[in-house]
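Remarks on the overall topology
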Amino acid sequence: MAEITAAMVKELRVKTDAPMMECKKALAEADGDMAKAEDILRVKLGNKATKAASRIAAEGVVGIHVAGDGRVGAIVEVNCETDFVAKNEEFLAFVAELADMVADRNPADPAALGALPCRDGTVDSVRTALVGKIGENLSIRRFARIEAKGRLASYIHGGAKIGVLVDLVGGDEALGRDLAMHIAATKPRALSSDGVAAEEIERERSIARAKAAESGKPAEIVEKMVEGTVQKFLKEVTLLGQPFVKDDKQTIAALLKSKSASVGGFVLYVVGEGLEKRQDDFAAEVAAQAAAAAKR
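These remarks concern the structure in this document.

About the thresholds
- Residues numbered from 1 in each chain as written.
- Predicted model: local features only at pLDDT ≥ 70, side-chain atom pairs only at ≥ 80, totals over all residues.
- Heavy atoms only, no water.
- Salt bridge = Lys/Arg side-chain N within 4 Å of Asp/Glu carboxyl O.
- Helix = DSSP H or I, 4+ residues; strand = E, 2+ residues; numbered from the N terminus.
- Buried < 20%, exposed > 50% of the residue type's maximum accessible area, 1.4 Å probe, protein only.
- Polar contact = N/O pair within 3.5 Å; in protein donor to acceptor, adjacent residues only side chain to side chain.
- Contact = heavy atoms within 4.5 Å.
- Expected span 1.5 Å × (residues − 1).
- Core = buried A, V, L, I, M, F, W, Y, C linked by side-chain atoms within 4.5 Å.
- Axes fitted to C-alpha atoms, helices over the stretch in contact; angles between N-to-C directions.
- Parallel < 35°, antiparallel > 145°, perpendicular 65-115°, else oblique.
- Left-handed = near helix turned anticlockwise from the far one by under 90°.
- Nonpolar A, V, L, I, M, F, W, Y, C, P; charged D, E, K, R; others polar.
- Pairing = 2+ DSSP bridges.

**A look at the pattern of salt bridges**
Tallying each qualifying case throughout the model produces 17 salt bridges. Across the pair Arg119 and Glu97 runs a salt bridge, and its minimum N-O distance is 2.7 Å. Here Arg119 is found in the loop between β3 (117–118) and β4 (121–122), whereas its partner Glu97 is found in helix α5 (residues 89–105), with 22 residues between them in sequence. On the accessibility criterion, Glu97 (25% relative accessible area) is partly exposed. A salt bridge links Asp248 to Lys249; its shortest N-O distance comes to 3.8 Å. With respect to class, Asp248 is no different from Lys249; both count as exposed. One salt-bridge network, held together by shared partners, links Glu59, Asp83, Lys87 and Lys161.

In structure tokens form, the structure reads like this:
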């Protein structure tokens, strides 16, 4: 059986917000498998046992550029080590420049973006110079470029920690902004159920089946309960199925229909999503510096 360490228990608690002892039991039952332990907690404790999708774990900003005609736009995430640097004017200017370049030059990936000519060198040489000047590592994590079927609407929230680009076909500018703000608030994973990964749906179905089985009801009732839970999940994580934040009596699908509009696609970036934040132990750092000074 795998050894369950305090660090493993702490990691699972951070991911799920479940009680410490429940995390330890789940890890023991899962033989140390973190993902399996998370599923076990969800069966026992429900959706309150998972916060991983909304946890922000690194610093940086999202930059957005939309061309004047609203047909082409780009969104980019650039990470740094501290929130202080995320507010630095030179850093923010660099991020804005990158978003403009992605929209205009359409690089294939961050490495290709880094090789593009910029100022007196390349994007990567400008980034390296900024690293030396600011004193923190800066990395271009990801970007997306959209050629709209309609017109692009954008929204930046929370000191550029959340950014949205949405392709609205039909409708008007107000609807586009409302949709972008809605996406920033509710963080849908896909436009419709077709965009949700099959393995993710199967995972939800498996968890729902395990919970429904505890009810002791007949198999056919259990299956109906399971499918009901899966459909509820799909409505919660897809843009078209979600209730509109400004009027929860109608879904986004109904809102779009009432405006004779549709959504061609969207991109949502939350800074640091899925990254691990640097944990600084100030006391340990001071002790290490003192020890180093004593050896001189």
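**Points about the side chain of Asn79**
Looking at where Asn79 falls in the secondary structure, it is placed in strand β2 (residues 72–80). Assessed through its relative accessible area of 6%, Asn79 is described here as buried. There is a polar contact of 3.2 Å between the side chain of Asn79 and the backbone oxygen of Glu59. One polar contact links Asn79 to Glu77, side chain to side chain, over a distance of 2.8 Å. In this structure, Asn79 is in contact with Glu59, Gly60, Asn137, Leu138, Ser139, Arg141, Val271, Gly272 and Leu275, ignoring residues within four places of it in sequence.

**Examining helix α10 (residues 219–237)**
Given 3.6 residues per turn, any residue in an α-helix points the same way as the ones three and four places further on. Between the first and last C-alpha of α10 there are 27 Å, a value that for 19 residues agrees with the 27 Å anticipated at 1.5 Å per step. Each element contacted by the buried residues of α10 is listed here: α9 (198–213).

**Some remarks on the nonpolar core**
Judged by nonpolar contacts, the single largest core of 26 residues is most densely connected at Val76, Phe91, Leu98, Leu113 and Val123. Sorting the residues of this core by element identifies β2, α4 (83–86), α5, α7 (123–134) and β5 (139–147) as the ones contributing at least two each. The biggest single contributor to this core is α5, with eight residues. Not counting the four nearest positions on each side in its chain, Phe91 is found in contact with Val61, Val78, Cys80, Val85, Ala86, Ile134 and Leu138. Ile183, Leu256, Val263 and Val270 belong to the second-largest nonpolar core, a separate cluster that totals 21 residues.

**As for the packing of helix α1 (residues 6–16) against helix α3 (residues 34–45)**
α3 packs onto α1 with a crossing angle of 50° between their chain directions and a minimal axis gap of 11 Å. Relative to α3, the element α1 lies oblique. The way α1 lies across α3 gives a crossing that is right-handed. In contact with Met8, Glu11, Leu12, Lys15 and Thr16 of α1, α3 contributes Met34, Ala37, Glu38 and Leu41. A per-class count over the contact of α1 with α3 returns five nonpolar, one polar and three charged.

**Section: the pairing of β2**
Each regular strand shows side chains that alternate between the opposite faces of the sheet. In terms of residue burial, β2 counts as a mostly covered element, since nine of its nine residues are buried. Burial along β2 is two-sided: Val72, Ala74, Val76, Val78 and Cys80 facing one way and Gly73, Ile75, Glu77 and Asn79 facing the other are all buried. Alignment of strand β1 (residues 59–66) against β2, held across eight bridges, turns out to be antiparallel. From the neighbouring strand, Ile64 faces β2, where its bridge partner is Ile75. From the end of β1 to the start of β2, which pair antiparallel, there are five residues, and Gly70 there has a positive phi angle of about 75°. Bridging between β2 and β5 involves eight bridges; their strand directions are antiparallel. Across the sheet, residue Ile75 finds its bridge partner in β5, namely Ala144.

**Observations regarding the sheet that holds strand β6 (residues 151–157)**
Strand order in the open sheet formed by three strands is β6-β7-β10, with antiparallel pairing between adjacent strands. Each end of this open sheet is capped by a strand with a single partner; those strands are β6 and β10 (262–270). Here the strands of the sheet are splayed against their neighbours by 15° on average, with no regard to which way each runs. Relative to strand β7 (residues 162–169), β6 runs antiparallel, the two being bridged by seven bridges. Each residue of the ladder has a partner; that of Leu152, found in β7, is Asp167. The sheet contacts of helix α8 (residues 173–186) involve β6, β7 and β10, and relative to β7 the element is tilted by about 140°.

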